[in-house]
Amino acid sequence: MVSDGKPARCRVGIDVGGTFTDFVLANPLTGEIVRYKEPSVPSDPSLSVARGLPALIDRARVRPGDVELLVHGTTLLVNAIIQRRGARVGLVVSRGHRGVLEIGRMSLDNSFDFTLRKEEPLVPRNLVFEIGARVRADGKVVERPSDADLDRLASDLDAAGVEAITVLLLNSYAFPETERELAEALRHRLPGVPITESAAIWPEQREFERGLVAIMNAYVQPLMSAYLARLEERVAETGVKAPIYITASNGGTLSIDTARERPIDTVLSGPASGLVAATRVARTLGRTGIITVDLGGTSCDLALNQGEEPEYATSTRVGDYPLVVPVVNVRAIGAGGGSVLWVDPQGVLKVGPESAGADPGPACYGRGGIRATLTDCYLLVGLIHPEHFLGGRMRLDREAARESLDAIAERIGYEGADRAVRAADAALRVASAMMANELSKGLARRGAAPGEFALMAFGGAGPTHANLLAEEAGLDTVVVPPGPATFCALGAILADVKRDYVRSRRLRFADGPSVAAELASIFRALEEGASSWIRREGDILGEVVFEASLDMRYAGQAFDLQVPVPEGLRTEPDLDAITELFHREHERIYSFRDPESSVEVSTERVRITGRIPPLELPPIPERGPAEPIDTRTVYVAGRCLDVPVHARRELGRDAGIPGPAIIEQEDCTVWVLPGWNAAVHRTGSLLIRRP
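Residues numbered from 1 in each chain as written. Predicted model: local features only at pLDDT ≥ 70, side-chain atom pairs only at ≥ 80, totals over all residues. Heavy atoms only, no water.

Scanning the protein from terminus to terminus reveals 17 helices and 35 strands. By the compact-globule yardstick of 26 Å for 691 residues, the protein fits well, its C-alpha radius of gyration being 26 Å. Residue pairs in contact within the protein that sit at least 24 positions apart in sequence constitute 68% of those at least 6 positions apart. Accessible area of the protein: about 28,700 Å², with a carbon and sulfur share of 48%. Charge separation in the protein, taken as the distance between the mean sites of 78 positive and 94 negative side-chain charges, equals 1 Å. (Helix = DSSP H or I, 4+ residues; strand = E, 2+ residues; numbered from the N terminus. Rg over C-alpha atoms; globule rule 2.2 N^0.38 Å. Contact = heavy atoms within 4.5 Å. Areas by Shrake-Rupley, 256 points an atom, 1.4 Å probe, with all protein chains shown as cover. Lys, Arg positive; Asp, Glu negative; His and termini not counted. Charge placed at Lys NZ, Arg CZ, Asp CG, Glu CD.)

Below you can see the structure in the form of structure tokens.
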């Protein structure tokens, strides 16, 4: 308990995953960071929060009233979109554009596969409604609906039983007034039905992509609103009265009210928080080039990062659908600890993307699951101890894991008494190859070599698999931060409040000085909107920072480059200086510039960041030499090895451990391969290197 009755002003981070819900509490008074894991409840994710939050507070020996900030991340929305469990959405479009979702970009993921099926739209064609509302590219309104048209449209939407509505009119990104009028008319006629305007959510050019952003927002908004209401209620029942923030896809956080209004900004929030924490740890190690691997229960999230801040992309994919909002640049593959092993008709062993999830979970959980997963493999080869999982709070069934893997061994033609453990070893090698393949693609796109990066592993299974991946991918260094299994929850309380604003206005620099004045006006308008928003985001915020960028291209190019714009050029644009910035960026990426071509801007962007008070990560004390606490037999590359086991809590600064070795902690197990060495950095991170 905090002494003298002084409030501890603690921060709590929560990351709700598919298998476990992770908790982190930072206590500035003591400098402690306390961690806890609770099994997730897929049917009601807020229930795991209600169970785990009091346990975390009790473990930290503080009071509920000592919590001043609670930051929460969840995969609820991305799973709802992928599994198509969202609201019944009606889409209203300009007359003649009913096929906008089916037509899309008229492309397939694989042009050579004649059996490939196009993705099914989130809104089926029978729920797409046309209306006589049209604006030309120059802003002239050429068609406006009558009251009778609006009455008929509202009646059709009501008869269709829609639960949410999206309005998507042509050219509304530049001229949103007609779209706004139509939405207001429908709100008047259909009270209680949430209505989303595409230009209000994301006013960027490209009708299909802008429409998808708005549709996804409407699709998950009822689900998110209901969940946040339950979350607020359950958190209040624990006695915690702190404001709740939700982690965002761009690596920041948002107030719960903003998240309720704009759930699309939080769709990919979980992986983003991990990269926020990873870049913070990398700075303390003096490293700028890192590859993060977040191996949880459901998937493996990979990211390549060069620099002191997370790298961002202006588009990504959620399941089958493009999403054109700024996100932390993370790529997910289906190879988590709960990923199911299977054998295809040709007898080839596969891993994922299906996951056993939290219920029933891997076979070794003893909850009725019978299909083998990567967690069963870790257990059977000896990497994890059945009595030490979650610090001993959960016992694993080794025999159930053996039975599930024996079935896999039979299907791939293995024989002998040890065929189950050989099948487990084979599955781990398959998973390593899958991850290394994705990693090599990212390196190739950058023209980078593996030696330029260190692999930072977190998530419950990340430290167990990291050295296997590093060996497969040709990396020389692995970093395992303190508390890796709850790392995304830590990232949540390290993140600042952040939101992106966009305006699509095509400007040709060759048109003369008026372009600079128009550019300054656009930046001013974006900053004013951002400033108005952030004033409502809470009292905890400190310094407010703006960052600006432009999507630019040479005239005639079919793609844009995002070019950061310094503050001086944002307030007083100099077209020659901005053009030179674009030339440099083009030359950096493509190795040449074209000074004879004119330059264009297609989209203007502003990011606003409200700083929260910094949080110091505690250093690790010095202790004696590393001494093993046990020895365990591990099956490695076709042979059994007696491997020393170390307790991570007993390892002090600069302690060294030669491989092979197992390093156990409450929330995960670290595997050090033969021929590699582990050392403890002063910050508490484990550095695993080839000698």
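Below, the discussion takes up helix α1 (residues 45-60). For the α-helix, the turn length of 3.6 residues means that residues three or four positions removed from each other point alike. Helix length check: α1, at 16 residues, gives a terminal C-alpha distance of 23 Å against a target of 22 Å (1.5 Å per residue), a fit within 8%. Inspection of α1 places Pro45, Ser46, Ser48, Val49, Gly52, Leu53, Leu56, Ile57 and Ala60 among the buried residues, and these make up the whole buried set. Contacts from the buried residues of α1 go to β1 (10-16), β2 (20-27), β3 (32-39), β4 (67-74), α2 (76-82) and α7 (207-237). Of the residues one or two after α1, Arg61 is the one with positive phi, at around 60°. (Expected span 1.5 Å × (residues − 1). Buried < 20%, exposed > 50% of the residue type's maximum accessible area, 1.4 Å probe, protein only.)

Let us now look at helix α12 (residues 419-446). Over its 28 residues, α12 runs 41 Å from end to end, which matches the ideal 40 Å to within 8%, given 1.5 Å per residue. Following α12 by one or two positions, Gly447 adopts a phi angle in the positive range, close to 65°.

Within the fold, Thr579 resides in helix α17 (residues 575-590). When neighbours within four sequence positions are excluded, Thr579 is seen to be in contact with Phe509 and Val599.

Take unusual backbone geometry next. The omega angle of the peptide bond from Gly659 to Pro660 is 5°, so this bond is cis rather than trans. Within the secondary structure, Pro660 sits in the loop between β31 (656-658) and β32 (661-665). Not every positive phi belongs to a glycine, and Arg61 is a case in point at roughly 60°. Within the secondary structure layout, Arg61 lies in the loop between α1 and β4. Unusually for a residue other than glycine, Ser591 sits at a positive phi of about 70°. On the secondary structure map, Ser591 appears in the loop between α17 and β28 (599-610).

To continue, consider the sheet that holds strand β5 (residues 89-94). Reading across the sheet, the four strands line up as β6-β5-β9-β10 and stay open at both edges, with parallel pairing between neighbours. If you trace the sheet from one side to the other, it starts and ends with β6 (128-131) and β10 (195-197), each paired once. Taking the axes of each pair of neighbouring strands and ignoring which way they run, one obtains an average angle of 25° across the sheet. One ladder, built from three bridges, connects strand β9 (residues 164-168) with β10; its direction is parallel. Opposite Thr166, over in β10, you have Thr196 as the bridge partner. Running at roughly 175° to β10, helix α5 (residues 177-189) makes contact with β5, β6, β9 and β10 of the sheet. Contacting β5, β9 and β10, α7 crosses the sheet at an angle of about 165° to β9. (Pairing = 2+ DSSP bridges. Axes fitted to C-alpha atoms, helices over the stretch in contact; angles between N-to-C directions.)

Pairing between side chains of opposite charge can happen when the charged atoms of each approach one another. Counted according to the given criterion, the structure contains 42 salt bridges. Between Glu471 and Arg690 there is a salt bridge, with the nearest N and O atoms lying 3.6 Å from each other. Remark: Arg690 occurs in the segment after β35 (686-689) and Glu471 occurs in helix α13 (residues 462-473); sequence separation between them is 219 residues. The partly exposed category is assigned to Arg690, whose relative accessible area is 33%. One connected set of salt bridges, linked through shared partners, spans Glu580, Arg584, Glu587 and Arg593. (Salt bridge = Lys/Arg side-chain N within 4 Å of Asp/Glu carboxyl O.)

A separate point is the pairing of β2. Successive side chains on a regular strand alternate, one facing one side of the sheet and the next facing the other. In terms of burial, β2 is a largely internal element, eight of the eight residues being buried. Judged by which residues are buried, β2 turns out to be covered on both faces: Phe20, Asp22, Val24 and Ala26 on one side and Thr21, Phe23, Leu25 and Asn27 on the other are all buried. Here β1 pairs with β2 via six bridges, running antiparallel. When the bridges of β2 are listed, Ile14 appears paired with Phe23. Between the end of β1 and the start of β2, which pair antiparallel, lie three residues. Pairing analysis gives eight bridges linking β2 to β3, with the strands arranged antiparallel. Bridged to Ala26 within β3 is Ile33.

Our next topic: the sheet that holds β32. Taken in spatial order, the four strands of this open sheet run β29-β30-β32-β33, and their pairing is mixed. Where the open sheet ends on each side, the last strands, each with one partner, are β29 (630-636) and β33 (668-672). On average, adjacent strands in this sheet sit at an angle of 30° to one another, irrespective of strand direction.

Moving on, we get to the packing of aromatic side chains. All chains considered together, the criterion is met by seven aromatic pairs. Aromatic pair Phe20 and Tyr365: ring centres 6.5 Å apart, planes at 65°, arrangement edge-to-face. Of this pair, Phe20 sits in strand β2 while Tyr365 sits in the loop between β21 (349-355) and α10 (374-381), and the two are 345 residues apart along the sequence. Classification of Phe20 as buried rests on a relative accessible area of 12%. With relative accessibility at 9%, the residue Tyr365 sits in the buried group. Ring centres of Phe23 and Tyr36 lie 6.3 Å apart, and the angle between their planes is 55°; this geometry places the pair in the tilted category. Residue Phe23 is found in strand β2, and its partner Tyr36 is found in strand β3; the two are separated by 13 residues along the sequence. For Tyr36, a relative accessible area of 12% translates into the label buried. Following the ring pairs from residue to residue traces out a cluster consisting of Phe20, Tyr365 and Phe389. The ring of Tyr414 has Arg422 sitting right over it, with the charged end atom 4.8 Å from the ring centre. (Phe/Tyr/Trp six-rings, centres within 6.5 Å; stacked < 30°, edge-to-face > 60°. Lys NZ or Arg CZ within 6 Å of the ring centre and 35° of its normal.)

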